[in-house]
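Results of the structural survey
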Amino acid sequence: MKKLLSILLIVLLPLALFAQRGAVTGKVTDASSGEALVGANVLIKGTALGAASGLNGVYKIVKVPPGSYTLRATFIGHKMQEKEVQVLAGQEVTVDFVLEEDVIYGEAIGIIADRAKERETPVAFTNVEKLEMVQRLGSQDIPLILNTTPSVYATMQGGGAGDARVNVRGFNQRNVAIMINGVPVNDMENGWVYWSNWDGVADATSSIQVQRGLSAVNLATPSIGGTMNIITDPTQLETGFGLRQEVGNDGFLKTTVTANSGLINEKLSFNGLVVRKTGDGLIDATWTDAWAYYFGASYNINPNNRIELYAIGAPQRHGQNSYKQNLGVYNADLAKDMDEYDNAALNTFSEVDRKYNQTWNNVDPSYKGKQYWRGKEHDRYDPNFINERENYYHKPIVNLNWYTKLSDDLSVYTVLYYSGGKGGGTGTYGSMRWDYSLPSRRVDWDATIARNQGSETGAFGILRNSVNEQWTIGAISKANYKLSDNMKTTFGVDWRTARIFHWREVRDLLGGEYFLSKSSQFWPEEGKRLKLGDKFDYDFTNDVDWYGGFGQVEYSTAQITAYGMAGYSIIKYKHTNHFKKGADGNEAVLEADPIGGFQVKGGASYRFTTALNAFANVGYVSKVPIFDNVISDYTMTIADDPKNEQFISFEAGLNWIGLENKLTTKLNVYHTTWKDRAVTRGVTALDGSEALVFLSGLNALHQGVEFEAAYQPMSLFRLDMAASIGNWKHLDDVNARYQDYSTPDSPEYQYNLYIEDIKVGDAPQTQLALAASVYPIPGAFGQLVVRHYRDHYADYDPVTRADATDRAQSWKTPPYTVMDFHAAYTLPFNLSGIKLQLFAHVFNLLDAIYVQDAVDNSRYNAYLVDGKIANPHQADAAEVFLGLPRTFNIGLQLNY
């Protein structure tokens, strides 16, 4: 009874306190354009009261005690503004804000980060502001905040922290440009993004903008599926401190500390963040042990010059769940309910659990063997088990930005950046003892250790690290010149160079005295006895040099905004192998000729009225192939004539604001053709040497329609919607011929792929998201998010479709719906400037069981009969990851 009374007191006391109070309302607009600023923050200084501006730029702060206050309005890229207000009981007072763009910082955000502007930039884009991230992300990997964006699909894959992936318009993240403060972070060798490297970015993010399609980014970096630009928190103008404590299921614990100095002597300001995160993991053995940090500093040299320094990183370790399973292993009932699943497969793939992870097993804690990583020996994470797959990495990035306004017409923005990286991933090597007690084999650590301990010839099998150490330095410099009141031009350079070191090393000898290896041609013929930390298997260095330039012209009037841009880049690859000999007996070196790529694109936006505008854009990209498609470190060959991939894209849309500015809608269509997707084959040349040949003709079409809407009929309720329908498919069969003289009598080879009209896999082609938000009392927020997916074809490698009689689509996973719930409440107390907020997140509210990732015709987990796939392109032939079970995250936020 006492607990119940306490709860009622907490709920009802604020209602009593708010009686006979006043309200403050108004509109926040941009000074130059007069446009409403959506998402501007308006706060009453010294209190916990505040509101964000809605779709029409209108904000409303209710239940304000009578008295005199200072209102503060802020919006990214704009100068903060304060106004005094007198609030009377039972009355509403109107205070409007007209915010001016920050001449240096505001322009820099738009130019360096290429941020699109509402009703001006002719591309399809979505903004996710900090408030929305705080309300919905709940310490998930940062791509998952984008799942309410049209044509964007992000999953946690196997469930390990930082192992998320994102797909935009059917393109995986190799073809999506990911940038932090305008600096590209895609891997320089293969274009991938490893989100575990940026585990703390979400806590330091001020805004994310996703530009779908070719985007308005004018870097030489081509973005095909889209561009995701993450803007970190700018340095704050006011002193402050924050503490955020979170707890969740499976031992999740996260502590975030923030601090900012405020503006010192009108010149200097800085802020920082430190995060500590630990947890056992929802999926078996996917524990996490992570830190993250962020530091930002700015110095106003004078009104026309500003320098900034940003540093961010996330040293972390986590257990991984790398291998998908046959559906029956995770949930037999779900498999039985599918018509396309052969129940006979359950005799082979018996059910374990939806949290099953193949890549770990128990070990006798009496085994005290050390593990080697990051240059020294360590104890195991847990004495009772060993992860076959563990990731450990630290990839800091440091930016030094200089913004200078040389005249009223000319500004220059330069970013120098450094990114380093050190870490790797683990796996087995050699002959292991296996545990077959479950449907998929796992390492039997005890049996492996016992065999190694009894061996007089060294360990049979070991645990290895695949190490990736790297550094990248680069510079982006852009000059913005105003040709007239209506026309401006931007031109600049994009330079970067990277050196990446790859090797394998002994992580754990698993009871052995040593491990015998003959990996290097420089070692004695009898091989080398390896100890912990010794390199083996491979050891090489890759160099990537990138030089790019671009130019853009933009024309803008009250009704029209149009732009055109062109960019050209040259990429050069070099490979130095420290284990293999070249013709001269020294380390083998392969150096490819420079390869050029370019992009040309443009678009226009026309504003019919203040409420309606239309846009269209078109572009062509010739994209340089990734490193592995030019140089093979396995065969030590260089492609003779590497071919660029070609992308042609068109997009058009309408944006409308109606119902007295209470409804905002966006509708657009897109059509992207991907031609000559890179496919290589290793062959023997006429002179007997190894070679790589490019095979062309693999073409795909990505087209669809996207829709967004937001409706806020009152300050207490808001409804957001996002929907997309795609049609992604391969266009043609591939018929190619090439020469391979490994068989001199018949060197002519025919290469055929039968993929015409086969759908592109890896993401749902139909998506719908709804978010209903309520604000019942000041400081309280609740939101229900409902997401529905269908037409998700399992992923596959197109080069496997070589059977002329097989024209079936890849397996289409069942449609599914998942719900998330978010809530927060800012306590209506001001304790000497301290504000407290309680928050909670529940993901997969109804604990739905569904397939989120799938691979067609699995090489490892398909149901076989007589050694062949029994039912090609059916559910029992696929391997999958299920969506994560229900999880929760609750906590307390303290701000001062």
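Just so it is clear, the model here is predicted, and its values are computed rather than measured. (Residues numbered from 1 in each chain as written. Predicted model: local features only at pLDDT ≥ 70, side-chain atom pairs only at ≥ 80, totals over all residues. Heavy atoms only, no water.)

**Remarks on the overall build of the protein chain**
Helix and strand counts for the protein chain come out as six helices and 60 strands. A compact globule built from 896 residues would reach a C-alpha radius of gyration of about 29 Å, and the protein chain, at 29 Å, matches this within 12%. The dimensions of the protein chain, computed from C-alpha atoms along their principal axes, are 90 × 75 × 55 Å. Within the protein chain, the proportion of its 896 residues that are buried is 55%. As displayed, the protein chain has an accessible area near 36900 Å², and 55% of this comes from carbon and sulfur atoms. Counting 82 positive and 100 negative side-chain charges, the protein chain places the centres of these two groups 5 Å from one another. (Helix = DSSP H or I, 4+ residues; strand = E, 2+ residues; numbered from the N terminus. Rg over C-alpha atoms; globule rule 2.2 N^0.38 Å. Buried < 20%, exposed > 50% of the residue type's maximum accessible area, 1.4 Å probe, protein only. Areas by Shrake-Rupley, 256 points an atom, 1.4 Å probe, with all protein chains shown as cover. Lys, Arg positive; Asp, Glu negative; His and termini not counted. Charge placed at Lys NZ, Arg CZ, Asp CG, Glu CD.)

**A few points about the pairing of strand E20 (residues 288–302)**
Inspection of the sheet shows strand E19 (residues 268–279) paired to E20 by twelve bridges, in the antiparallel sense. By the bridge assignment for E20, Arg 276 is matched with Trp 291. With three bridges joining them, E20 and strand E22 (residues 316–319) adopt antiparallel strand pairing. Bridge pairing in E22 links Asp 289 to Arg 317. Pairing of E20 with strand E21 (residues 305–313), which is carried by nine bridges, proceeds in the antiparallel orientation. When the bridges of E21 are listed, Tyr 293 appears paired with Gly 313. Between E20 and E21, which pair antiparallel one after the other, the connecting turn spans two residues. (Pairing = 2+ DSSP bridges.)

**Some thoughts on the side chain of Thr 205**
The topology assignment puts Thr 205 in strand E15 (residues 205–212). Aside from chain neighbours lying at most four places away, what touches Thr 205 is Lys 130, Met 133, Ile 142, Ile 230, Ile 231, Thr 232 and Asp 233. (Contact = heavy atoms within 4.5 Å.)

**Concerning unusual backbone geometry**
Even without a glycine there, the phi angle at Met 636 is positive, about 55 degrees. Locating Met 636 in the fold gives a position in the loop between strand E41 (631–632) and strand E42 (637–638). The exposure class assigned to Met 636 is buried, which follows from its relative accessible area of 19%. Phi at Asn 661 is positive, roughly 65 degrees, even though this residue is not glycine. Relative to the assigned elements, Asn 661 resides in the loop between strand E43 (645–658) and strand E44 (663–675).

**Some thoughts on the side chain of Lys 324**
One can find Lys 324 in the loop between E22 and helix H4 (327–330). No salt bridge is formed by the buried Lys 324, whose closest oppositely charged neighbour, Glu 879, lies at an N-O distance of 5.3 Å. Those residues within four positions of Lys 324 in sequence are excluded, and the remaining contacts are Tyr 330, Asp 853, Ala 854, Val 855, Asn 861, Glu 879, Val 880 and Phe 881. (Salt bridge = Lys/Arg side-chain N within 4 Å of Asp/Glu carboxyl O.)

**Focus: the sheet that holds E15**
Adjacent strands of a sheet form backbone hydrogen bonds with each other and so pair up, either parallel or antiparallel. Reading across from one edge, E9-E15-E16-E13-E14 is the order of the five strands in this open sheet, with mixed pairing throughout. Each end of this open sheet is capped by a strand with a single partner; those strands are strand E9 (124–129) and strand E14 (183–184). Here strand E13 (residues 176–180) pairs with strand E16 (residues 226–232) via five bridges, running parallel. In the sheet register, Val 176 faces E16, and the bridge partner there is Gly 226.

**A look at the sheet that holds strand E11 (residues 165–168)**
Strand order in the open sheet formed by three strands is E10-E11-E12, with antiparallel pairing between adjacent strands. Since the sheet does not close on itself, it has two edges, and those belong to strand E10 (152–155) and strand E12 (171–172), each with one partner. In this sheet, E12 lies alongside E11 in antiparallel orientation, the contact comprising two bridges. Paired with Asn 167 across the two strands is Asn 172, which belongs to E12.

**Topic: the packing of aromatic side chains**
A full pass over the atoms with the stated rule returns 22 aromatic pairs. Ring geometry for Tyr 775 against Phe 781: centres 5.7 Å apart, planes inclined by 45 degrees, an arrangement best described as tilted. Taking relative accessible area as the criterion, Tyr 775 reaches 25% and is therefore assigned partly exposed. Take Phe 781: its relative accessible area is 8%, and that puts it in the buried class. With centroids separated by 5.1 Å and ring planes inclined at 40 degrees, the aromatic side chains of Tyr 789 and Tyr 816 adopt a geometry described as tilted. Remark: Tyr 816 occurs in strand E54 (residues 816–826) and Tyr 789 occurs in strand E52 (residues 780–793); sequence separation between them is 27 residues. The same class applies to Tyr 789 as to Tyr 816, namely buried. Through a chain of ring-to-ring contacts, three or more aromatic side chains come together here, namely Tyr 153, Tyr 789, Tyr 816 and Tyr 850. Of note, Arg 441 hangs over the ring of Trp 434, and the distance from its end group to the ring centre comes to 3.7 Å. (Phe/Tyr/Trp six-rings, centres within 6.5 Å; stacked < 30°, edge-to-face > 60°. Lys NZ or Arg CZ within 6 Å of the ring centre and 35° of its normal.)

**Considering the pairing of strand E38 (residues 587–591)**
Both faces of the sheet carry side chains from a regular strand, because those side chains alternate between them. Of the two faces of E38, the one holding Ala 588 and Leu 590 is buried and the one holding Glu 587, Val 589 and Glu 591 is not buried anywhere. Where strand E37 (residues 560–581) hands over to E38, the hairpin turn is made up of five residues, of which Gly 585 adopts a positive phi near 85 degrees.

**Here's the deal with empty space enclosed by the protein**
Applying the stated criterion to the full structure yields nine cavities of 30 Å³ or more. Reported here for the largest cavity is a volume of approximately 760 Å³. Along the wall of the largest cavity there are 43 residues; nearest its centre are Gln 140, Met 156, Phe 843, Leu 884 and Thr 887. Within the residue set of the lining of the largest cavity, elements represented by two or more residues are E10, E19, E52, E54 and strand E60 (887–895). For the lining of the largest cavity, the element with the most residues is E54, which contributes four residues. Partitioning the lining of the largest cavity into residue classes produces 17 nonpolar, 19 polar and seven charged. (1 Å grid on protein atoms, 1.4 Å probe; cavity = no way out; pocket = protein on both sides within 12 Å on 5 of 7 lines; lining within 4 Å. Points joined across faces, edges and corners; volume = space filled by probe spheres on them. Nonpolar A, V, L, I, M, F, W, Y, C, P; charged D, E, K, R; others polar.)

**As for the nonpolar core**
With 49 residues, the main nonpolar core has Ile 142, Trp 195, Trp 198, Ile 208 and Met 228 as its most contacted residues. With four residues, the top contributor of residues to this core is E13. Apart from residues lying up to four places away in sequence, Ile 208 is in contact with Thr 126, Asn 127, Val 128, Met 133, Ile 142, Ile 145, Leu 146, Met 228, Asn 229 and Ile 230. If you look at the next biggest cluster of nonpolar residues, it comprises 22 residues, including Leu 346, Ala 794, Val 851 and Ala 878. (Core = buried A, V, L, I, M, F, W, Y, C linked by side-chain atoms within 4.5 Å.)

**Describing the pattern of salt bridges**
A full pass over the atoms with the stated rule returns 33 salt bridges. Between Asp 762 and Arg 165 there is a salt bridge, with the nearest N and O atoms lying 3.2 Å from each other. One end of the pair, Asp 762, is in the loop between strand E50 (748–753) and strand E51 (764–774); the other, Arg 165, is in strand E11, with 597 residues separating them in the sequence. Since its relative accessible area comes to 5%, Arg 165 is described here as buried. Across the salt bridge formed by Arg 306 and Glu 308, the nearest N and O atoms sit 2.7 Å from each other. Neither Arg 306 nor Glu 308 differs from the other in exposure class; each is buried. One continuous salt-bridge network, built from bridges that share partners, spans Arg 169, Arg 212, Glu 651, Glu 706 and Glu 708.

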